[in-house]
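# Architecture at a glance
Each chain is listed here by its residues.
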Amino acid sequence: MRTQKSTYSLFFYINKTRKDKNGNSPIYLRISVNGTKIATSIKRSINPASWDKKGFPFGKSPEVKEISNYMDAIRVKVNKIQTEFLLNETCITAEMFRAALFGARADTEATWCELMQKRIEEEKTYYLRKEKSVHAYNLCRRTLYFMECFLKENYRLSDIPARKVDRQMIDRFIQYLSSQSIGHNYIVLCLQKVKSIFEKALQYNIITSNPMVGIPLSLKLNGKRNHLTEDELNVLLSATFPEKRMENERDVFLFSVFTGLACCDAKNLTREHLVKIDGKWWIRTWRQKTDIIANIPLLPQAEELLKKFCGEDFEHLPYHTKLIPVQCTYTRNKWLKKIEEHCKLNKHLTTHVARHTFATTITLANDVPIETVSHMLGHKSLAMTQHYAKIVNKKVGRDMNNLMDRIGQSYQATVC
């Protein structure tokens, strides 16, 4: 049976954002095989003024002629490689072309950290295009940091070829992550990013097997939605802290408690999201997760926190000024852990706990209708809000007292 013919193309280009001391930019070769593209440096550089947009050097200087001849030699070598592959009926990939061209094994060219760095660049592109949130980008960056620390502490290496990462190393990496001050779900999210780069490396024949196959990466879903009670909230409000940073993180947490904003929405909050209605400040913003508008009247506590973050004159800030100093997930959770220990709270503080507290202790327990709460939380349906609708003892007691007042002496039958 004949091997299906592969289609390939070459394109030379320069990276104008990088220049050496002479002002020259490096030249890259992009190889496309059956729609799969891979780029590599040809170890040459040229003055951008001598480079055509179509991918050719122009000019009569000896340097330009040498580069032009070298590029022609690469094209001839590619045609020769193509012929050899066809004669051997070998299925060609872009990585195989690059390896054959430059005399190096494809799988030794890519390292573990380099693969993650490429993923970071991809996530950054998605974030800048607003196709994804910044959290995926920050998670990849944090995962790379863990990888580098792990290699340095356990192997005294700054990086390692991707093909040398085996199951034993991954198991040790998981143990390393478990020793850090991060929760199970965050570890799983980091490992999911690592698994994704190995899957892509396997797809491009950079590695021959995925060392993470068979490793369970399930998040722990906590059906019990924790919230702070009124007493616990008062403890947090009245607490004094030995470090200013702890106080700042406490205030950010409390802002979510009194507004119901999710972490990403609080981070994206700017002056343009504040509007005045009937003399009262409201937050009007689109929820990042559901793309639903949330209209939230500012409670006095939230307004005081806003003044603490931005000053008394926050009304006159430029419209694109960010209001809430929200840190990355890892940093925020680390400080919240310190806060809960300092306040001796028997609750694991997270930004979700703040949002749940707004839905229960602040609103539902104080007779705010669930439809109103759903609107402020920016939920797509009332069913989503019902997950937050915990029945708290305070409300049960108050409702029963009201029932007793209404019933009065209506039922006078003697129990036999």
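Before going into details, it helps to say that this report is about the structure given with it. Computed from a predicted structure; not experimentally measured.

## Some thoughts on the overall build of the chain
Within the chain one finds 16 helices and six strands. The contacts of the chain with a sequence gap of at least 6 include a subset with a gap of at least 24, amounting to 60%. In the form shown here, the chain has an accessible surface area of approximately 24300 Å², with 51% of it arising from carbon and sulfur atoms.

## Structural notes on the sheet that holds strand β4 (residues 274-277)
Adjacent strands of a sheet pair through backbone hydrogen bonds, lying either parallel or antiparallel. What the three strands build is an open sheet, ordered β4-β5-β6; its pairing is antiparallel. Each edge of the sheet is formed by a strand with only one pairing partner; in this case those strands are β4 and β6 (293-297). Taking each pair of neighbouring strands and ignoring which way they run, the sheet shows an average axis angle of 30 degrees. Direction of pairing for strand β5 (residues 280-286) relative to β6: antiparallel, over a ladder of five bridges. The partner of Arg284 across the bridge, within β6, is Asn295.

## What about unusual backbone geometry?
It is generally the case that most residues other than glycine have a negative phi and that most peptide bonds are trans. For Arg156, which is not glycine, the phi dihedral falls at a positive 55 degrees. Summarising the element assignment, Arg156 is placed in the loop between α5 (134-155) and α6 (167-178). One non-glycine residue, Asp278, lies in positive phi territory at about 55 degrees. Topologically, Asp278 is positioned in the loop between β4 and β5.

## A closer look at the pattern of salt bridges
If charged atoms from side chains of opposite charge come close, those side chains can pair. What the rule picks out here adds up to 15 salt bridges. For Lys200, the salt bridge goes to Glu122, with nearest N and O atoms at 2.6 Å. In this pair, Lys200 is assigned in helix α7 (residues 184-203) and Glu122 in helix α4 (residues 112-128), connecting sequence segments 78 residues apart. We classify Lys200 as partly exposed; its relative accessible area is 34%. The network of salt bridges with common partners includes Lys244, Glu247, Arg250, Asp251 and Lys308.

## Details of the environment of Lys54
Relative to the helices and strands, Lys54 is located in the loop between β3 (36-46) and α1 (62-87). Judged by relative accessible area, Lys54 falls into the exposed class, the value being 67%. Taking the C-alpha atoms as reference points, Lys54 and Phe11, 43 residues apart in sequence, are found 8.6 Å from one another.

## Observations regarding the sheet that holds strand β1 (residues 8-14)
The strand order across the open sheet built from three strands is β1-β2-β3, with neighbouring strands paired in antiparallel fashion. In this open sheet, the two strands that pair with only one neighbour each are β1 and β3. Taking each pair of neighbouring strands and ignoring which way they run, the sheet shows an average axis angle of 20 degrees. Of the strand pairs in this sheet, β1 and strand β2 (residues 25-33) are connected by seven bridges, and their pairing is antiparallel. Bridge pairing in β2 links Tyr13 to Tyr28.

## Some thoughts on a nonpolar patch on the surface
A grouping of Met400, Leu403, Met404 and Ile407 is seen on the molecular surface, where their side chains present a nonpolar patch of about 330 Å² in accessible area. Relative to the helices and strands, Ile407 is located in helix α16 (residues 393-407). On the basis of relative accessible area, Ile407 is assigned to the partly exposed category, the value being 31%.

## What about the environment of Val33?
Along the chain, Val33 turns up in strand β2. Put simply, Val33 and Tyr8 are 25 residues apart on the chain and 4.3 Å apart in space, counted from C-alpha to C-alpha.

## A look at the nonpolar core
Ranked by size, the top nonpolar core spans 44 residues in total, and within it Phe253 and Phe255 carry the most contacts. For this core, the element with the highest residue contribution is helix α9 (residues 244-259), accounting for seven residues. If we skip the residues at most four places from it in the chain, Phe253 touches Leu228, Leu236, Leu336, Leu349, Thr350, Val353 and Ala354. Within the second largest apolar cluster, 41 residues are counted, among which are Phe150, Leu151, Ala162 and Tyr176.

## Section: helix α13 (residues 351-363)
Residues that lie three or four places apart on an α-helix share one face, since the helix turns once every 3.6 residues. For α13, spanning 13 residues, the distance from its first C-alpha to its last is 17 Å, which sits close to the expected 18 Å at 1.5 Å a residue. Along α13, the largest kink reaches about 35 degrees and is centred on Thr357. Judged by how many residues are buried, α13 sits mostly within the fold: 12 of 13 residues are covered. The complete set of buried residues in α13 reads Thr351, Val353, Ala354, Arg355, His356, Thr357, Phe358, Ala359, Thr360, Thr361, Ile362 and Thr363. Looking at the buried side of α13, the elements it contacts are α8 (230-238), α9, α10 (263-267), α12 (329-342) and α14 (370-377).

The rules behind the values
Residues numbered from 1 in each chain as written. Predicted model: local features only at pLDDT ≥ 70, side-chain atom pairs only at ≥ 80, totals over all residues. Heavy atoms only, no water. Helix = DSSP H or I, 4+ residues; strand = E, 2+ residues; numbered from the N terminus. Contact = heavy atoms within 4.5 Å. Areas by Shrake-Rupley, 256 points an atom, 1.4 Å probe, with all protein chains shown as cover. Pairing = 2+ DSSP bridges. Axes fitted to C-alpha atoms, helices over the stretch in contact; angles between N-to-C directions. Salt bridge = Lys/Arg side-chain N within 4 Å of Asp/Glu carboxyl O. Buried < 20%, exposed > 50% of the residue type's maximum accessible area, 1.4 Å probe, protein only. Patch = residues over 30% accessible without salt bridge, like charges linked within 9 Å, V, L, I, M, F, W, Y side chains within 5 Å. Core = buried A, V, L, I, M, F, W, Y, C linked by side-chain atoms within 4.5 Å. Expected span 1.5 Å × (residues − 1). Bend = angle between axes of the 7 residues up to and from the residue.

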